[in-house]
Amino acid sequence: MNRSVLNVTYAVGFFALAAGLLVARANPATAYEPSLFTATPTAVWVGFGIALSIALVTALACRGRQQAIGIALGATTVTAIVSLPLIRNYRFAGMGDALTHLGWTRDIVSGNLQPHELFYPGLHSLASVLHFVAGVPIERALLLTVVVLFVPFLVFVPLVVRDISGNGLAVGVAAIVSWMVLPINNIATHMGVHTNSNALFLVPVVLFAFVAYLHRRSTVERLPLGLSPFSALLYLTGIALLLVHPQQMINVVVLVGTVAGVQYLARWRYSDHPMLNHPTAYTHAIVLGVIFAAWALANERFQSALSGLVTGMLSADISGGQTVDQRGASLTEIGGSLGELFVRMFLNAAVIGLLVALFVLVMWLGWTKVDRETSAFVTYFAIALFPLGGIFLLYFVGTPTMAFRQVGFIYVVLTILAGVAIAQGIGGLSRYFTRPGANTVAAVALGACLVLGLGTIYASPLIFSPNQHVTDQQYSGYETSFDHGVDDQPYAGLGYDPYRYDHGIYGLEREAPLTSAGTASGEVDPDEFEAGNYTGAYRGSDYYFAVTEYDVTREIEVYQELHHSEDALNDVSQQPGVNKVVSNEEFELYAVESTNATDGTTV
């Protein structure tokens, strides 16, 4: 393509991106949004779509500096999509773990908690720094931290592939696959304030340091005591990953340890192989393992998680299978199916995984023209997937949620391998088509996967999970309720336990914070509630019943009254013993007097 035409094309792409950002900023959220995608103006998606289309084509067709500009355009656009809650002025995003992380950050800012007292203080510490330096609210600082931790994923995936293969096409493909954000599955990994998910986006930084070390030659300068600069970088990035979330550090240790094992076998089996020219990873696997053990083994939270995993594995029932069966039955009741949900959430991931598997197989059979150096690195990562997959199986038997977190890490590795695999596939297609023709076919296929991937980057009714948008009204409604409620009277929600809001508003380092096992344990009994027994639906005791617009959207519109009906909800305030005590546009709190109570309850 002519340079002047290419420059104009890039100008159009960046202008479209800027226009989309300006429109998004000019249309902030004013109420709860069930779907970030449909609530964001169409003009924003048009601008982002133009920018991504230009980025995708140029990442495949260009090389050198021009390719780098295309990759930068695509990465910036995807970062803008990830930043939409921040750009569109959300008060906060996330109603589960995210609110607890908000509480811990609030405790650090107030001085009630020291960062080292947390098992994984990286996210909270960075958000605290941004809060003090930028002068923004803690909620906004956390949303900004999510973006800061996400960007390294887009930067370092293509850098790792460049070091592995040196193939410009592979670098472009890897960048495009990274834009799909495959590690996010919205089952156990989420785009938001979720430390385990946030840590996934730092993994390519650690892998880049590791690959750079393996490429080191004896002529490279060393630090004092003979330490390689790349070894030091590997340890430092590993520690950073550990502080964001240790589970992903375990996976890195397994990966590095597997590479060390492969190197040992290669030295035992071959007399001439590229692996023999790589410095060994024995010491690195041991050091990273010791760093993890020193941090984790003495921590009570880690001990509890490990105990839960072992208990789950030894139990008679396979909890993973039970979870799938339960979800499948629920989906059928609301008119969906596991197959439909799989297509929406995992089709692109399955396609990428299948392409990588086929490539690795034909490479090991010797049916490709991959150079031996690239083949060695692909073999390292491919073999590492076996123990990583074994860990997934252990999690699936013991704690299914952890299993899908493991899938997130596996897809970080698959994203890197996909760059090499798909580039080889495009090269094969060019034998039957022209190179531009092969690039066109690849662009269409990758573009379709990109749309699927970005279309599920956030929860929405499309995947039967509404957006966890925390509005000012919801936040202030809970704050008023907690400030003026009767002490020791439990709070229950419409299918959602309010105790997380207590964490986010007040922090956890105080006397008797609400917990799921304490005064605010769980939901109202749906059967009793639907039967009209509102006063006896919560353990026969007085309680506060909180309803937000999010709850109504989830239970009535998305779940289609699977657990709670709209009629029952509308009938609550009309019953004796039930009083509406707090109300705004998106939040209502009812004081429900049990049938055993002898006096009224007010706020």
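Structural data are supplied above this passage.
Residues numbered from 1 in each chain as written. Predicted model: local features only at pLDDT ≥ 70, side-chain atom pairs only at ≥ 80, totals over all residues. Heavy atoms only, no water.

Trainee: Account for the packing of aromatic side chains, naming residues and giving values.
Mentor: Taken as a whole and assessed by the stated rule, the structure comprises 22 aromatic pairs. Ring geometry for Phe119 and Tyr120: centres 5.9 Å apart, planes at 45°, overall tilted. Both residues of the pair, Phe119 and Tyr120, count as buried. Judged by centre distance (5.2 Å) and plane angle (35°), the rings of Tyr538 and Tyr543 are tilted. A relative accessible area of 3% means that Tyr538 is categorised as buried. Members of the aromatic cluster, joined through ring pairs, are Tyr478, Phe482, Tyr491, Tyr501, Tyr506, Tyr544 and Phe587. If you follow Arg91 out to its NZ or CZ, it ends over the ring of Tyr475, 4.0 Å from the centre. (Phe/Tyr/Trp six-rings, centres within 6.5 Å; stacked < 30°, edge-to-face > 60°. Buried < 20%, exposed > 50% of the residue type's maximum accessible area, 1.4 Å probe, protein only. Lys NZ or Arg CZ within 6 Å of the ring centre and 35° of its normal.)

Trainee: Help me get a handle on helix α18 (residues 372-398), residues and values and all.
Mentor: Quick reminder: α-helices carry 3.6 residues per turn. Residues three or four places apart thus point the same way. The end-to-end C-alpha distance of α18, which contains 27 residues, comes to 40 Å, matching closely the 39 Å that a straight helix rising 1.5 Å per residue would cover. The opening residue of α18 is Asp371, an N-cap whose side-chain oxygen sits 3.1 Å from the backbone nitrogen of Glu373. (Helix = DSSP H or I, 4+ residues; strand = E, 2+ residues; numbered from the N terminus. Expected span 1.5 Å × (residues − 1). Polar contact = N/O pair within 3.5 Å; in protein donor to acceptor, adjacent residues only side chain to side chain.)

Trainee: Mind laying out empty space enclosed by the protein, listing which residues take part and the relevant values?
Mentor: Summed over all chains, the structure comprises 1 cavity of 30 Å³ or more. Taken as a whole, the largest cavity spans an internal volume of roughly 130 Å³. Those elements that place two or more of their residues in the lining of the largest cavity are α17 (338-364) and α19 (400-429). Classifying every residue of the lining of the largest cavity by side-chain character gives 10 nonpolar, 5 polar and no charged. (1 Å grid on protein atoms, 1.4 Å probe; cavity = no way out; pocket = protein on both sides within 12 Å on 5 of 7 lines; lining within 4 Å. Points joined across faces, edges and corners; volume = space filled by probe spheres on them. Nonpolar A, V, L, I, M, F, W, Y, C, P; charged D, E, K, R; others polar.)

Trainee: Before we move on, can you summarise unusual backbone geometry with the specific residues and values?
Mentor: Located in the positive-phi region is Asn186, a residue other than glycine, with phi close to 60°. The phi angle at Gln560 is positive, at roughly 55°, despite the residue not being glycine. Position of Gln560 among the secondary structure elements: in the loop between α24 (549-558) and α25 (566-571). Relative accessible area serves as the criterion here: at 47%, Gln560 is assigned to the partly exposed category.

Trainee: Now, about the environment of Gly257: what can you tell me, with residues and values included?
Mentor: Here Gly257 shows up in helix α13 (residues 246-269). Note on Gly257: relative accessible area 30%, which makes it partly exposed. Here the alpha-carbon distance between Gly257 and His284, two residues 27 residues apart in the chain, equals 8.1 Å.

Trainee: Would you mind going over a negative patch on the surface in detail, with residue names and values included?
Mentor: Taken together, the side chains of Asp525, Asp527, Glu528, Glu530, Glu549, Glu557, Glu561, Glu566, Asp567 and Asp571 define an acidic patch exposed on the protein surface. Elements represented by at least two residues in the negative patch include exactly α23 (526-530), α24 and α25. Locating Glu566 in the fold gives a position in helix α25. (Patch = residues over 30% accessible without salt bridge, like charges linked within 9 Å, V, L, I, M, F, W, Y side chains within 5 Å. Areas by Shrake-Rupley, 256 points an atom, 1.4 Å probe, with all protein chains shown as cover. Salt bridge = Lys/Arg side-chain N within 4 Å of Asp/Glu carboxyl O. Lys, Arg positive; Asp, Glu negative; His and termini not counted. Charge placed at Lys NZ, Arg CZ, Asp CG, Glu CD.)

Trainee: Help me get a handle on the layout of surface pockets, residues and values and all.
Mentor: Quantified by volume, the second largest pocket comes out at close to 530 Å³. Ala421, Ile422, Gln424, Gly425 and Ile426 are, among the 27 residues lining the second largest pocket, the residues nearest its centre. Listed by contribution, the elements that provide at least two residues to the lining of the second largest pocket are α17, α19 and α20 (435-455). The element best represented in the lining of the second largest pocket is α19, accounting for 9 residues. Its residues assigned to classes, the lining of the second largest pocket shows 18 nonpolar, 6 polar and 3 charged.

Trainee: For the pattern of salt bridges, give the residues involved together with the corresponding values.
Mentor: A complete count under the given rule lists 10 salt bridges for this structure. Of the charged contacts, one joins Arg554 and Glu555 as a salt bridge, the two residues approaching to 3.5 Å between their closest N and O atoms. The partner of Lys580 in a salt bridge is Glu588, and the shortest N-O contact between them spans 3.3 Å. A single salt-bridge network, built from bridges that share partners, covers Arg91, Arg106, Glu139 and Asp472.

In short, the description is geometric, and any link to function would need to be established separately.
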